[in-house]
Amino acid sequence: MSTTVEIVEAEPVENLWSSILDSVSSTRSIPSKQILILGEKSSGRSTISAGLLGRQVDDTKPDHTDFALGYDWADVRDDADEDTLARLSMYTVPSSSPSHLSLVPHFLPPRTSLPHTLVLIVLEWTRPWSFIEQLELWLAWIETWAKGDGSRELQIVSEESRERLQSHLQHYAEPSTSNDLPGATSLTNTLLPLGPGTLTHNASGVPIVVVCTKSDLIDEGHDIVGGSGGMGGMVKGKGGEWEERTDGVMQVLRTVCLKYGAALFYTTQQPQTLSVLRQYVLHLLFAPPAPSPSFGSTDTPAPARNPFPFSHRPNTLDRDRVLVPAGWDSWGKIAVLRDGFDAKAWGEAWERDLDQEGNDGSLGAKEMFLALVGGDQGLKPAPLPPLILPTPEQQFLAAHHESNAKSSDRDPRQTFRTPTDPSNLTGAGVVGPLGSSSFSLPTVERALVEMEGGGANDKGAERDGRRVSAARRDPTGRPGHPSSISSTGTSSTHTHARLPGSPVLPGSPDADGKTQHEVLTNFFQSLLSSRDRAGGGGSSAGRNPAAGQAEGKQ
């Protein structure tokens, strides 16, 4: 008889202490939230960031350097400064450049960061005419960022965020002035539907706060808002016109914020306005999720308690401290501020701007807002200079060919040629312009022949020409040298009448009234005759040297 022993493997012993420590650490974990600040340069982003992080704003500190994506963080502590309640991470985009915005999804992927992120859009009152343009740009980018890659997991997260934001809008209760009486909306759990024009966009339910900085410029004593730094400005009107225009700007901003479920704040450099903004940002970041509907009951359960309550009432009268929380506003409250404002028409104009393809030619929100703001709209760029169309090269040369051909001084090639006009010669010597092709030897011969008889004796002329050529080549008797012409009185008179090398213009009379041709003729004739006499005297003395000696002896 055989017995079978079954060996049962024992399950691994669970580490009891690890599970206990994990449970304790999970219950005491610090919640972390992110804030994304969007705004153009010099819009006050650094001031807003310092106020949200609970730091002092130092005006004397120089402006910090903008990086491609700024980051900072801070812990949110309780009133006694003992426990850390939350941790804030601050991301700052320096501009609306696509190269900067493309970095945000890498640091804030929407699939994981969408339920824990709030977006601040920073506008500034030094450029009020750009409010609508910047809002269209930033809000369109927010929706693009929230869509992400369109995965199923991201769609589920977007639906949950949308339900949480809608629940926050529906459960909003205006703080009461009395601590004993609760808010009006907290007396019943029955939820009312959203009003017209409320949360028609922002499908992903991103919490958004629009902040208009430097609102103290609205009621400043200057005649122009935003006129510092040469940026132009919004010209103030007289009497109630200025208030009407600024109230109209506020009504337009409230209408746009209502469509996205966003809040609107006006801030200044005063710490009080920044402190109120910080309280509301924490309140909106830690808004509880939407409660699950209970079966068998018509009432919707109330949401969980927010760890950061917000006790400030809405304010639309103090123009430098406007506070419009999300969930409080409506078309009716917007119209009460100033008569004649049509929130529905502005909403339709906004839709026309977003839908460029289906636009029927009606005015959009940008055009309507510019007409409302009026005045100067900032520093205009300098106009471009007129376009210069150069003449084709061949056409230009053909147009100037005839004038250059007729005028020799306009032809650049004449610079390298010897002038042929004797009247233009300068620097001539006593016997004429030496080195000039116009007075070369053949030309001198021809002039001498014409002056002596017009070619009666061609052979004599050729012989005289050869002699002149030999005399011209003789270094000891070259023309213009004082030693070569001092043997005869005639030549000496003519040559010493003028300094050597002094210019003599061709055809101009000399000091004795003779022209240059006559001077040349007399010079060459005296040269030839002096050589003949010198040759004759030397030969006679050489042939009969002893004749004188014989005569002396006799």
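Throughout, a residue's number is its position along its own chain's written sequence, starting from 1. Thresholds applied to this predicted model are a pLDDT of at least 70 for local features of residues and 80 or more for the giving and counting of side-chain atom pairs; totals over whole chains, interfaces and linings are not thresholded and use all residues. Values reported for side chains reflect all heavy atoms of the structure, with hydrogen atoms and water molecules removed beforehand.

(A) View of the packing of aromatic side chains. Geometry of aromatic contacts follows a simple scheme: Phe, Tyr and Trp rings, the Trp one being its six-membered ring, pair when their centres are within 6.5 Å, and the pair is stacked under 30 degrees between planes, edge-to-face over 60, tilted otherwise. Applying the stated criterion across every chain, the model contains 11 aromatic pairs. With centroids separated by 5.1 Å and ring planes inclined at 75°, the aromatic side chains of Tyr280 and Phe310 adopt a geometry described as edge-to-face. In this pair, Tyr280 is assigned in helix α9 (residues 271-285) and Phe310 in the loop between α9 and β9 (323-324), connecting sequence segments 30 residues apart. Partly exposed residues are those whose accessible area sits between 20% and 50% of the maximum for their type, while under 20% is buried and over 50% is exposed, using a 1.4 Å probe and protein chains only. Given the relative accessible area of 11%, Phe310 is considered buried. Consider the rings of Phe341 and Trp346, whose centres lie 6.1 Å apart with planes at 15°: the pair is stacked. Accessibility classification places Phe341 together with Trp346 in one group, the buried group. Taken together through their ring pairs, the aromatic side chains of Trp125, Phe131, Tyr266 and Phe369 make up a single cluster. One residue, Lys33, lies across the ring of Phe286, its end atom 5.2 Å from the ring centre. Helix and strand assignments come from DSSP, with helices taken as H or I runs of at least 4 residues and strands as E runs of at least 2, each series counted from the N terminus. To sit over a ring, a charge needs its Lys NZ or Arg CZ within 6 Å of the ring centre and within 35 degrees of the ring normal.

(B) Structural view of the pattern of salt bridges. Take a side-chain nitrogen of Lys or Arg and a carboxyl oxygen of Asp or Glu: if they are within 4 Å of each other, that pair is a salt bridge. Under the counting rule described, the total for this entry stands at 12 salt bridges. Asp149 is the salt-bridge partner of Arg111, the closest N and O atoms lying 2.9 Å from each other. Residue Arg111 is found in helix α5 (residues 110-113), and its partner Asp149 is found in the loop between α6 (131-147) and α7 (152-170); the two are separated by 38 residues along the sequence. For Asp149, a relative accessible area of 57% puts it in the exposed group. As a salt-bridge pair, Glu174 and Arg313 come within 2.7 Å of each other at their nearest N and O atoms. Taken as a pair, Glu174 in the loop between α7 and β5 (208-213) and Arg313 in the loop between α9 and β9 lie far apart in primary sequence, 139 residues in all. Assessed through its relative accessible area of 30%, Glu174 is described here as partly exposed.

(C) Seen up close, the pairing of strand β1 (residues 32-39). Of all 8 residues making up β1, 7 are buried, and the element is well covered by its neighbours. Strand pairing is defined by DSSP finding a minimum of two bridges between the two strands. In the sheet, β1 pairs with strand β3 (residues 84-93) via 7 bridges, with the strands oriented parallel. Of the residues in β3, the one forming a bridge with Leu36 is Tyr91. As paired elements, β1 and strand β4 (residues 117-124) share 6 bridges and run parallel to each other. Across the sheet, residue Gly39 finds its bridge partner in β4, namely Val122.

(D) Broad picture of α6. Multiply 1.5 Å by the residue count of a helix minus one, and that product is the helix's expected span. Its 17 residues give α6 an end-to-end C-alpha distance of 24 Å, which sits within 8% of 24 Å, the value for a rise of 1.5 Å per residue. Residues Phe131, Ile132, Gln134, Leu135, Glu136, Trp138, Leu139, Trp141, Ile142, Trp145 and Ala146 constitute the buried set of α6.

Scope: geometric values only; no functional claims are made or implied.
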